[in-house]
Amino acid sequence: MPRAIKSSPLTPWTLRITAPYTDYDTIEDWLKNPPSASKDPDSVFRVSMGVYVIGYEKKSKDGSPANPHYHIYLESNAPRQRIADSIRLLGYKNLYSLSTVKSGEFLDISYIAYCIKQGDYRYSSHLSDELLKEAKTAVDVYA
């Protein structure tokens, strides 16, 4: 009999993936419909619960070229290891960092602003125009 997986509360996460711009669609598709990274195909854990912001960054603060990467805010009920396993299934082993949002707040404006700071971003339909407007106003802090 399979061992029961400890349930996790819905958690806000921040993720950085080092990858080329050509991976944008792949990463967004993963956020919309991630592989479960589970031996149980009926697992109730999803890597993304449908709320995400993904931004692409290729410049450092001083405007010089940076190693191209994505900043992602997402909400998940999956345990950290399940999310990490799912990222590795995409082929980004050793090319990512994953952390919980330090404030513990959902839709934390500072994290969303950080993701969108260079202007090349995508987001889920679960985010309001008002929230994105507030995040764009906060972007100056990170520019």
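Residues numbered from 1 in each chain as written. Predicted model: local features only at pLDDT ≥ 70, side-chain atom pairs only at ≥ 80, totals over all residues. Heavy atoms only, no water.

(A) Structural detail: the pattern of salt bridges. In this structure the tally under the stated criterion is four salt bridges. Glu28 serves as the salt-bridge partner of Arg122, at 2.9 Å between the closest nitrogen and oxygen. Taken as a pair, Arg122 in strand S5 (residues 121-123) and Glu28 in helix H1 (residues 24-32) lie far apart in primary sequence, 94 residues in all. One network of salt bridges, with partners in common, ties together Asp25, Glu28 and Arg122. (Salt bridge = Lys/Arg side-chain N within 4 Å of Asp/Glu carboxyl O. Helix = DSSP H or I, 4+ residues; strand = E, 2+ residues; numbered from the N terminus.)

(B) Quick look at the nonpolar core. Counting residues in each nonpolar core, the largest one holds 22 residues, and the members touching the most others are Leu15, Ile17, Ile27, Leu31, Ile54, Tyr70 and Ile72. For this core, the secondary-structure elements that each account for two or more residues are strand S1 (11-18), H1, strand S2 (52-59), strand S3 (65-76), helix H2 (80-89) and strand S4 (96-100). Within the second largest apolar cluster, 16 residues are counted, among which are Val51, Cys115, Ile116 and Ala135. (Core = buried A, V, L, I, M, F, W, Y, C linked by side-chain atoms within 4.5 Å. Buried < 20%, exposed > 50% of the residue type's maximum accessible area, 1.4 Å probe, protein only.)

Everything listed here is a matter of geometry and, on its own, says nothing about what the molecule does.
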